[in-house]
Amino acid sequence: MGFSFELAVFGSTIAILIIMGFLLYYFAVDYRRNLLGNGNSELPKKESNAILSKMSRELSFTAFIMDDSKSIGIRYIITSLALFFIAGLAGIGMRLSLWFPNPSFLTPVQYNILLTAHGTLMLYGWAVGGILGLSYYLLPTSIRLRKDSLGVVSSIMYWMFLVGSLFIIFSRSTATWYFYYPLVDQLTASGGGTLSFGSLIGVMLILVATVVSSIIFLKMIFLDRDESIRLSNLPLFAWSIVSTAFLIIASAPVSIIADGFLIYDLINPIFFQAANGTALAYAILFWFWGHPIVYVAVIPAFGLIYELLPRFTGTKIYSYKAGVLSLLLLMVLSGTVWGHHLFNSGLGTVWDLIFSTTSFIVAVPSAMSVFNWIATMWVGRIRITVPTLFIINAIIDFIIGGVSGVMAADVGVNQLIHGTYAITAHFHFILLGLTTGMAFAAIYVLFPTLTGGRNYNIPMAKVHFYLTSIGTWVMSGFWLVGGFAGMPRRVAGYFGIFQTYQDAAAIGGVILGLGYLIFLINFLYSGSRPVETGTGNILEEEVSA
Amino acid sequence: MRKTTPLAIFVIVLLAAGGSFVWFVEQSGGSSATTIAPYNSTQVIVLYANYQGWNYNSSIPNPTLYEKTHVLLEFKVIEQDNLPHTLTINPGSNESASNYIVSVNIPAVTGTIVWVNWSFANPGIYTYWCEVHPETMVGKLVLNSTTSNTTNASVASPLPPEIADIVGYSSSIHSPYALRDANEEVW
Ligand code: HEM
Ligand code: HEM
Ligand SMILES: [Cu+2]
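Engineer: How should I be thinking about the overall build of chain A in this particular structure?
Structural biologist: A tally of regular secondary structure across chain A gives 15 helices and zero strands. At 24 Å, chain A has a C-alpha radius of gyration in line with the 24 Å of a compact globule built from 545 residues. Counting every position in chain A, which comprises 545 residues, the buried fraction comes to 58%. Intrachain contacts of chain A at a sequence separation of at least 6 include 81% that bridge at least 24 residues. Accessible surface, chain A as shown: approximately 20,700 Å² in total, 72% of it carbon and sulfur. For chain A, the distance from the average site of its 26 positive side-chain charges to the average site of its 23 negative ones is 7 Å.

Engineer: Please explain the site of ligand 1 as it appears in this structure.
Structural biologist: Residues and elements named next belong to chain A. Around ligand 1 sit 24 residues in total, of which Tyr178, Asn414, His418, His426 and Arg489 are the nearest. At 2.9 Å, a side-chain N or O of arginine 489 approaches an oxygen atom of ligand 1. Broken down by secondary-structure element, the contributors of at least two residues to the shell around ligand 1 are helix H8 (279-313), helix H10 (349-379), helix H11 (386-408) and helix H13 (421-450). Residue classes in the shell around ligand 1 are distributed as 15 nonpolar, eight polar and one charged.

Engineer: Sorry, what's going on with the site of ligand 2 here?
Structural biologist: All names here are of chain A. Surrounding ligand 2, one finds 27 residues, the nearest of these being Tyr111, His118, His428, Arg489 and Arg490. The separation between an oxygen atom of ligand 2 and a polar side-chain atom of arginine 489 is 3.0 Å. Between arginine 490 and ligand 2, the recorded distance is 2.6 Å, taken from a backbone N or O atom to an oxygen atom. When residues of the shell around ligand 2 are traced back to their parent elements, those giving at least two are helix H3 (69-97), helix H4 (108-142), H13, helix H14 (458-484) and helix H15 (499-527).

Engineer: Where do I start with the coordination of the iron atom of ligand 1 in this structure?
Structural biologist: Ideal geometry at a metal centre gives angles of 109.5 degrees when four donors are arranged tetrahedrally and 90 or 180 degrees when six donors are arranged octahedrally. Among all protein atoms, only His426 of chain A (NE2) binds the iron atom of ligand 1, sitting 2.0 Å from it. The metal-metal distance between the iron atom of ligand 1 and the copper ion (ligand 3) is 4.2 Å.

Reading guide: rules and limits
- Residues numbered from 1 in each chain as written.
- Chains lettered and ligands numbered in written order.
- Predicted model: local features only at pLDDT ≥ 70, side-chain atom pairs only at ≥ 80, totals over all residues.
- Heavy atoms only, no water.
- Helix = DSSP H or I, 4+ residues; strand = E, 2+ residues; numbered from the N terminus.
- Rg over C-alpha atoms; globule rule 2.2 N^0.38 Å.
- Buried < 20%, exposed > 50% of the residue type's maximum accessible area, 1.4 Å probe, protein only.
- Contact = heavy atoms within 4.5 Å.
- Areas by Shrake-Rupley, 256 points an atom, 1.4 Å probe, with all protein chains shown as cover.
- Lys, Arg positive; Asp, Glu negative; His and termini not counted.
- Charge placed at Lys NZ, Arg CZ, Asp CG, Glu CD.
- Near = heavy atom within 4 Å.
- Polar contact = N/O pair within 3.5 Å; in protein donor to acceptor, adjacent residues only side chain to side chain.
- Nonpolar A, V, L, I, M, F, W, Y, C, P; charged D, E, K, R; others polar.
- Donors = N, O, S within 2.8 Å, 3.2 Å for Na, K, Ca; no water.

This is a description of form; function is not addressed.
Okay, structure coming up:
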């Protein structure tokens, strides 16, 4: 047999892959041994992982091939940050295109692609991914994990999360993050419901990863925490994860099932077609998870505020018990309000009123938390640092967003503002100010640890803070006013009378974008400077590295 | 942390964001580039969307449609089988999803009627088809210029007589379909 070029290429590819695999393995083992020291690296993985996950650990791509909780956390943090910037650029693109009433540089199809990518990636990639990351990163130290035994599962779930995000990006669906039928079946230039099909698979993968990770968090908190930590002094961040995890486990599977049906529907529509009224069935299944996901995005941010505020005011949290109660009430109550997204979909007056009432009630635990924070700041002495600025801003934005949410939950007002930018404003206040703000506050707090002993540049961080804070206000504020004037959301063009609001919001969007860009530049600049401090941080005080 | 890690993350984030944005908007958005030609008369064309073929239950499935330019063609597309379909029209005699002129989704609920209106500027052969069932649901749309009748004849002549007949057949009372307007042409 003569020389075969194909065979040679094939063979050498396999050889290179094997060598690469070996190198990766070698790096991982080597990195682990360096971290653990000679004595500990002989321990079984369950125990050595527990040690690793309690060390103060820095950002490193080696985390992608290690499976202790801290490494998994680092993977999620890096990935969700990238997804945030992907989705954020899409958001700014939409805003800029809306500068003129007629669709300008984005055609309606392109606009819808960006809209879907933005909504889906922000919620599933950034909010959920970021929370998974911070939980994996912070939980082991805050509850002094005894054993870390599910590394392989966590690792597989991470890869599912990553593949899911890629599916969402590549599918270019135009169905918005609801995936309502028949929009999900809409065909665009690249052909067929295939587009939404990809996104749906992506969402399902991420949801499965989220549910399984939640179970892992519950196992960590309830079974594997150190004996010295009893439930009565469990850190509030851990309580917030308990609340979030139960919420996810109780509602996400419903959405997974609905998505499965929906994928089948794209091939052979029998479940959710409008003809027999079952389009509403999908909407109900979707919002059964669709509302909890927004609380999944805020409860851990609550937990972070609870955790950080005392450290910056020098007091204990005003009432630990009220904090726990508030987080647990949020878990229970926010499972009961999903119908407020369907006031105009024909659930019937009685149901509408029930959901309106539960939505008013869910404001109570939210307010309990807010007052708890205010009281803590009142009795203590606030140290104004960059993270405190983010915290104060988060509280204010949450109040605005929450109040506009309660207003939207009034059946009458809802008629007026449903489907307008007032709703978009309602949730951007919370998601930008609270969820995103607290995530960045946590990143700033963890900065010396994550970068292995560097401080962030404070003036740049302040510019980041002020730009994003002002940007949120300008963008969401004008949306809110325009929304009450009837400015419809989810459109690539609009009536000329709304141009003032749209243009002002576009300026807000650009300000936001600049703010986040400055964060990136700060990260690059400060991260590349010589080591100057220790690697400890106030969130993981007890840790010894 | 290694010195290169922040740079790597910075570059990865920027590339991911920029690359995804380009990927998202690379989608041309199809028909928005083309505009509808001016017209001064209209013509209704009824098409039944069936996965076995357009107008599958009529005597001539996937009929070749003969129409004129600068006439508003009002396609009345009627869903027949609960399956998702599209009405896609592109120039040339082959199916092409990338340079379509019209691409409209037909909801998968039997009996749904979708009106698709378009007026063509250029004479020639076009293909109308369904992107979900490109094998079975495909036919030709032949557009003659409004002004000259001779072109009309010359395009029609090479076709077999039974197809040429159908053009005249359109106003026949033997239509198997109930849903008809005065101005309708049932193929
Ligand atoms: C005080 C509690 C809250 C109440 C009473 C409330 C109420 C509402 C209502 C009634 C709607 C539906 C408006 C409509 O479409 O007509 C809505 C939409 C929304 N809310 Fe809230 N909300 C609350 C808190 C939150 C929180 C904490 C978040 C998290 C970030 C959030 C995120 C959203 C989102 C994302 C939507 C829009 C979903 C969409 O249509 O794309 N809400 N809210
Ligand atoms: C970087 C700053 C951001 C900008 C410039 C921005 C901009 C926008 C724009 C222009 C829309 C579309 C409005 C419409 O046409 O209805 C939108 C929708 C949305 N955004 Fe943002 N946004 C930002 C941040 C976020 C964040 C941080 C989140 C969540 C964590 C988020 C979640 C959403 C959601 C869920 C929608 C609704 C999508 C839909 O209607 O299907 N956004 N945003
Ligand atoms: Cu809700």
